[in-house]
Amino acid sequence: VVNEEYILPLINGKILFNNVIRKDSLGYIEIKLTLKKIYDTIAIKKSGYELLFKAQAFELLYLLFDYKLHSSNKTYIKKTEKDTYDPIRNAIDYINGNYQHKLSLDELSDAVKLSKFHLCRQFKDSTGMTINHYLNNRRVYEAAKLLNDTDKEVSKVGYEVGFNNPSYFISTFKKVFQVTPRKYRERNK
């Protein structure tokens, strides 16, 4: 029943979740806390964390359904390979594959074949954040993994994930995790 009613419609694109969950949306705080728990589970990777992750992912799905933060895809059509071009998905994939390098808006817009203006506007509409915000978040989360998994110097970690300025890396990291990279490492070791 769970697969047929919830999972398969999601996979097939018959059900869509809201792209942005605003602070005044019902369930915002619960969803944010659940996302934080999921991130911590993945970042810390205690023994058996995969089981906990799966449980938390189902909790997140439950909350999204419970607070009705989804809708039926009225334009649902079984898609063929030719019909699946999604410039924002492609932009995210491109960023995820190249976050550790210096990325320019020109390079990204060329890669997804959209003008810079349309790319920025559509990216913000789809994700609720700017391209730069997404890129910095990606870099910071990758840095958190490296801080947990290696003993590399903090500044080296920053460079490795694409930050060219150690001060900017530290301040960006602190905005996301509310602690400096060094304190984050101490807290999670």
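Refer to the structure printed above.
Residues numbered from 1 in each chain as written. Predicted model: local features only at pLDDT ≥ 70, side-chain atom pairs only at ≥ 80, totals over all residues. Heavy atoms only, no water.

### Regarding the nonpolar core
Ile95, Leu119, Phe123, Phe169, Phe173, Phe177 and Tyr184 are the most contacted members of the largest nonpolar core, which totals 29 residues. Elements supplying a minimum of two residues to this core: helix H2 (28–44), helix H4 (87–98), helix H5 (105–112), helix H6 (116–127), helix H7 (131–149), helix H8 (154–160) and helix H9 (166–177). With residues up to four places along the chain from it excluded, the contact list for Phe177 reads Tyr39, Val140, Tyr141, Ala144 and Tyr184. Residues Ile31, Leu60, Leu63 and Leu69 belong to the second largest nonpolar core, which totals 6 residues. (Core = buried A, V, L, I, M, F, W, Y, C linked by side-chain atoms within 4.5 Å. Buried < 20%, exposed > 50% of the residue type's maximum accessible area, 1.4 Å probe, protein only. Helix = DSSP H or I, 4+ residues; strand = E, 2+ residues; numbered from the N terminus. Contact = heavy atoms within 4.5 Å.)

### A short note on the pattern of salt bridges
Counting across every chain of the model gives 8 salt bridges. Residues Arg138 and Glu142 are paired through a salt bridge, measuring 3.1 Å at the closest nitrogen-oxygen approach. Taken together, the residues Arg138 and Glu142, both in helix H7 and 4 residues apart, mark about one turn of the helix. The class for Arg138 is partly exposed, based on a relative accessible area of 24%. Given the relative accessible area of 12%, Glu142 is considered buried. Of the charged contacts, one joins Glu160 and Lys152 as a salt bridge, the two residues approaching to 2.7 Å between their closest N and O atoms. A relative accessible area of 36% places Glu160 in the partly exposed class. Classification of Lys152 by relative accessible area gives partly exposed; the value is 30%. Members of the salt-bridge network, linked through shared partners, are Arg138, Glu142 and Lys145. (Salt bridge = Lys/Arg side-chain N within 4 Å of Asp/Glu carboxyl O.)

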